[in-house]
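# Coordinate inspection notes
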Amino acid sequence: MNKSVYSLVLMDDVVQEIDRLAYENGSSRSAMINEILADYVSYITPEKRMREIFSQVERLLTAGSNFQVLLQPSDSMFSLRSALAYKYNPTVRYSVELSRRIAPAIGELRVSVRSQNSTLRLYMLQFFKLWSKIEQSMVGRVDCAMADDKYVRRLMPGDDRELDNEALGSAIAAYIRLFDTALQLFFHLLDQPETAIVRMESLYGDYLRSAPAIL
């Protein structure tokens, strides 16, 4: 999906309307022309694919839930947050950055919490380590990294299925919902760590039995 420079001769009035559309969509003139031409020849650009995927994620996660969509910095990035049931209701941020190509990885999930509370940051690191251990025990190696306030995980296709944009959006939403449910459960059972582990393993087992498109 390389890009090249082309010289076009266009009417000034046409360019003015393109600039207006580009401004309304937070895009550049070149990107707007590229999208218009792609639509005309029925070609799905990576940017349009990402928007369709994120639209599905937003639809599934914000309907009557704890999630709130944040301002999006680019076509390839989608962010939302949820409130954690802990002291002062700290905010957990979920950001998904999609790859321009689905293979080998769909993209990357980043989970972070902004807090100076050292106890909260320690609990978050404990959860990240526990979650990573549960995933690796059930599905094998998972490409992830973590700190006391951040967790990063590559989103890999679960199998060789051909997934359309709606299915990919549904798969990403399902994994974020699973992660957030497990996180909320962990904090709800801070004084019962063994019970928390059993419940989290059960959650992940149910997720795997649903034949997820993302692992």
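These lines cover the structure that appears in this document, whether it is placed above or below. (Residues numbered from 1 in each chain as written. Predicted model: local features only at pLDDT ≥ 70, side-chain atom pairs only at ≥ 80, totals over all residues. Heavy atoms only, no water.)

For the rest of this paragraph, the subject is the packing of aromatic side chains. On inspection of all chains with the given rule, the structure shows 18 aromatic pairs. Between the aromatic rings of tyrosine 94 and phenylalanine 179, the centroid separation amounts to 6.0 Å while the plane-to-plane angle is 85°, which identifies the pairing as edge-to-face. On the criterion of sequence distance, the pair formed by tyrosine 94 in strand β3 (residues 91-98) and phenylalanine 179 in helix α5 (residues 165-188) is long-range, its members being 85 residues apart. Ring geometry for tryptophan 131 and phenylalanine 179: centres 5.6 Å apart, planes at 75°, overall edge-to-face. Linking tryptophan 131 in helix α4 (residues 118-139) with phenylalanine 179 in helix α5, this pair joins segments that are 48 residues apart in sequence. Each of the two residues, tryptophan 131 as well as phenylalanine 179, counts as buried. (Phe/Tyr/Trp six-rings, centres within 6.5 Å; stacked < 30°, edge-to-face > 60°. Helix = DSSP H or I, 4+ residues; strand = E, 2+ residues; numbered from the N terminus. Buried < 20%, exposed > 50% of the residue type's maximum accessible area, 1.4 Å probe, protein only.)

This next bit is on the nonpolar core. Nonpolar side chains in soluble globular proteins generally cluster together in the buried interior. Counting residues in hydrophobic clusters, the biggest one holds 47 residues, and the most contacted among them are Tyr94, Phe127, Trp131, Ile172, Ile176, Phe179 and Met200. Of all elements in the fold, only α3 (46-62), β2 (77-83), β3, β4 (107-113), α4, β6 (150-155), α5 and α6 (193-209) reach the threshold of two or more residues within this core. Broken down by element, the residue count for this core peaks at 13 residues, all from α5. (Core = buried A, V, L, I, M, F, W, Y, C linked by side-chain atoms within 4.5 Å.)

It is worth spelling out the pattern of salt bridges at this point. Across all of its chains, the model carries 11 salt bridges by this definition. Residues arginine 29 and aspartate 19 are paired through a salt bridge, measuring 2.9 Å at the closest nitrogen-oxygen approach. Taken as a pair, arginine 29 in helix α2 (residues 29-40) and aspartate 19 in helix α1 (residues 12-24) lie far apart in primary sequence, 10 residues in all. By relative accessible area, which is 44% here, arginine 29 ends up partly exposed. On the basis of relative accessible area, aspartate 19 is assigned to the partly exposed category, the value being 28%. With a shortest N-O distance of 2.6 Å, arginine 209 and aspartate 206 are connected by a salt bridge. Of the two residues, arginine 209 and aspartate 206 both sit in helix α6, 3 residues apart, roughly one turn of that helix. Residue classification places arginine 209 among the exposed residues on the basis of a relative accessible area of 64%. Look at the salt bridges and you will find they share partners, linking Glu17, Arg20 and Glu24 into a network. (Salt bridge = Lys/Arg side-chain N within 4 Å of Asp/Glu carboxyl O.)

Packing of α5 against α6 leaves a shortest axis separation of 10 Å and a crossing angle of 165°. Judged by the inter-axis angle, α5 sits roughly antiparallel to α6. You can see that α5 and α6 cross each other, and the crossing is right-handed. Across from Ala174, Tyr175, Leu178, Thr181, Ala182, Leu185 and Phe186 in α5, the residues of α6 making contact are Arg199, Met200, Leu203, Tyr204 and Tyr207. In terms of residue class, the contact of α5 with α6 is made up of 10 nonpolar, 1 polar and 1 charged. (Axes fitted to C-alpha atoms, helices over the stretch in contact; angles between N-to-C directions. Parallel < 35°, antiparallel > 145°, perpendicular 65-115°, else oblique. Left-handed = near helix turned anticlockwise from the far one by under 90°. Contact = heavy atoms within 4.5 Å. Nonpolar A, V, L, I, M, F, W, Y, C, P; charged D, E, K, R; others polar.)

In short, the description is geometric, and any link to function would need to be established separately.
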